[in-house]
Amino acid sequence: MGTNEVTEVTQEAVENANEFVRYFQDHIPALIGFGIKVLVALIAFFIGRILIKWARKIVRASLERSEADKGVEQFVDSVLKVGLYILLIFSIAAKLGVDTTSVAALVASGGVAIGLALQGSLSNFAGGVLILLLKPFTVGDYIIEDSNGNEGTVKEIQIFYTKLSTIDNKTIVIPNGMLTNNSLTNATAKDERRLDLKVDISYHADLRKAKDIIENLLKKDDCILKDEEITVFVDELAASAVIIGARAWVKSEDFWPTRWRLLEEIKLTLDARGIEIPYQQVTVHMSQQEQQR
């Protein structure tokens, strides 16, 4: 490369640098103004977050004083949070010089597409509203979602989802639309729950003695409600056992501990009293000719 070419390249680079400096100097006021707007917007956002938290706290306290359902409190808080943040962001955009009228028109024109895209979310939102109005369950209830077999204690009813806590401390998140469009079982809707037990005994065992043992264990248990009916009966004559059924009533919160305790006590007592509990087995009878082979 010759000396003239090097000189030309150097001059071109200097001219480009000078042009950039002039452009920057000419637009310094605009850049400073935009920077100030961004700074003000950030300050407004952080102040808005504080105000939103304060407003949510006031609303929650008001709902608690009015003794509103816990699910209603959680749902209203979720809706309020989303709505206030949308309003805050829209206000900040307007302060930054964004044409809010154009934005609103754009949102309106895309309403159909947004509605189709959020069809599932809108269904879940409507499901949340129905749950709060019809109250098929409330926070603290133990429910079983029949379609997929999900079950647990209701911990939160949010704007789109309901959270369940399982007995092994897992969290299940179920869309509200699924809970309102499918059948479910609320195991704790009532204060009392019937306890159904089935015990197999051998055909050779003393049936009356076994029934008396089971009935006495039910009557002695502290969690069994004595003012409700206690029934012990022959439920079925099965292929290899006589099935004894037992029914009693307990408080809903005592259902599982009482069931587990009674099954263990019945097994130990029947063993101690010589009542056989059979297990499945296959008996093969061979003819005399087969035995001689």
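Parameters at a glance
All residue numbers here refer to positions counted from 1 along the written sequence of the relevant chain. Per-residue local features are limited, in this predicted model, to residues with pLDDT of at least 70; the limit for side-chain atom pairs, both in listing and counting, is 80 or more; totals at the level of whole chains, interfaces and linings are taken over all residues. In computing side-chain values, all of the structure's heavy atoms are included and hydrogens and water are not. UniProt positions are given in the numbering used here, feature names are shortened, and annotations may be inferred rather than shown by experiment. Put simply, DSSP H or I for four residues or longer makes a helix, DSSP E for two residues or longer makes a strand, and each gets a number counted from the N terminus. Note on classification: 1.4 Å probe, protein chains only; a residue is buried when its accessible area is under 20% of the maximum for its type, exposed when over 50%, partly exposed between these limits. In this description, contact between two residues means that some pair of their heavy atoms is separated by no more than 4.5 Å. Method for areas: the Shrake-Rupley scheme with a 1.4 Å probe, in which residue coverage is limited to the protein chains shown. Pairing between strands is defined by DSSP: at least two bridges between them are needed. Axes here refer to lines fitted to C-alpha atoms; in helices the fit is confined to the stretch in contact. Angles between the N-to-C directions go from 0 to 180 degrees. Without a salt bridge and with relative accessible area above 30%, a residue can belong to a patch; like charges are then joined within 9 Å and nonpolar side chains (Val, Leu, Ile, Met, Phe, Trp, Tyr) within 5 Å. Any carboxyl oxygen of Asp or Glu within 4 Å of a side-chain nitrogen of Lys or Arg constitutes a salt bridge here. Here the term cavity refers to a set of points on a 1 Å grid, laid over the protein atoms alone, in which a 1.4 Å probe fits but cannot get out; the term pocket refers to an open set having protein on both sides within 12 Å along at least five of seven lines, with lining residues being those that place an atom within 4 Å of a point. Grid points are joined across faces, edges and corners, and a volume is the space filled by probe spheres set on the points. Residue polarity is assigned by list, with Asp, Glu, Lys and Arg as charged and Ala, Val, Leu, Ile, Met, Phe, Trp, Tyr, Cys and Pro as nonpolar; anything else, Gly included, falls into the polar class. Throughout the structure description, domain borders are defined by an automatic or database domain assignment. Within 6.5 Å between ring centres, the rings of Phe, Tyr and Trp (the latter by its six-membered ring) count as paired, and their orientation is classed by plane angle as stacked under 30 degrees, edge-to-face over 60, tilted in between. In our convention, an over-ring charge means Lys NZ or Arg CZ found within 6 Å of a ring centre and within 35 degrees of that ring's normal. Oblique is the label for every angle not falling under 35 degrees (roughly parallel), over 145 degrees (roughly antiparallel), or within 65 to 115 degrees (roughly perpendicular). When the near helix sits turned anticlockwise from the far one by under a right angle, the crossing is termed left-handed; a clockwise turn instead gives a right-handed crossing.

Under an unreviewed UniProt entry, the name given to the chain is Mechanosensitive ion channel, and the source organism is Extibacter muris. The record in UniProt for the chain states the following under Sequence similarities (unreviewed entry): "Belongs to the MscS (TC 1.A.23) family." UniProt annotates the chain under Subcellular location (unreviewed entry) with the comment "Cell membrane".

Within the chain, the regular secondary structure consists of 10 helices and eight strands. Here the chain holds 293 residues, and the buried ones make up 25% of them. Long-range contacts, defined here as pairs at least 24 residues apart, represent 64% of the contacts in the chain between residues at least 6 apart. Within the structure as shown, the chain displays about 20100 Å² of accessible surface, and the carbon and sulfur contribution to it stands at 58%.

Okay, the sheet that holds strand S7 (residues 231-237) next. Spatially, S6-S8-S7 is the arrangement adopted by the three strands of the open sheet, whose pairing is antiparallel. The outermost strands of the open sheet, each flanked by one partner alone, are strand S6 (192-201) and S7. Direction aside, neighbouring strands of the sheet carry axes that sit 30 degrees apart on average. Together, S6, S7 and strand S8 (242-251) form the strand contacts of helix H8 (residues 207-220), whose direction differs from that of S8 by roughly 15 degrees.

A few words on a nonpolar patch on the surface. A cluster of nonpolar side chains, namely Leu39, Ile43, Ile47, Leu51, Trp54 and Ile58, defines an oily patch on the protein surface of about 610 Å² accessible area. Tracing the backbone through its elements, the reader meets leucine 51 in helix H2 (residues 28-65). For leucine 51, a relative accessible area of 49% puts it in the partly exposed group.

Here the focus is the layout of surface pockets. Taken as a whole, the largest pocket encloses approximately 230 Å³ of empty space. With three residues, helix H9 (residues 255-272) is the largest single contributor of residues to the lining of the largest pocket. Among the residues making up the lining of the largest pocket, the classes are represented as six nonpolar, two polar and three charged. Counting residues domain by domain, the lining of the largest pocket receives three or more from each of domain 2 (136-186) and domain 3 (192-273).

Next up on the list: the packing of aromatic side chains. The description of an aromatic ring pair uses the distance of the two centres, along with the angle that the planes make with each other. Tallied over the entire structure, the rule returns three aromatic pairs. Measuring from centroid to centroid gives 5.8 Å for phenylalanine 45 and phenylalanine 46, while their planes differ by 75 degrees, and the two rings are edge-to-face. Residue phenylalanine 45 is classed as partly exposed on the basis of its relative accessible area, which comes to 26%. An aromatic cluster is built from Phe255, Trp256 and Trp260, whose rings are joined through pairwise contacts. Above the ring of phenylalanine 255, the side-chain terminus of arginine 193 is found at 3.8 Å from the ring centroid.

Take the packing of H8 against H9 next. It is at 10 Å that the axes of H8 and H9 come closest, and there the two elements cross at 140 degrees. Here H8 is positioned oblique relative to H9, judged by the angle of their axes. With respect to the hand of their crossing, H8 and H9 are arranged in right-handed fashion. Taking contact as the criterion, the partners of Ala210, Ile213, Ile214, Leu217 and Leu218 in H8 are, on H9, Leu262, Glu265, Ile266, Thr269 and Leu270.

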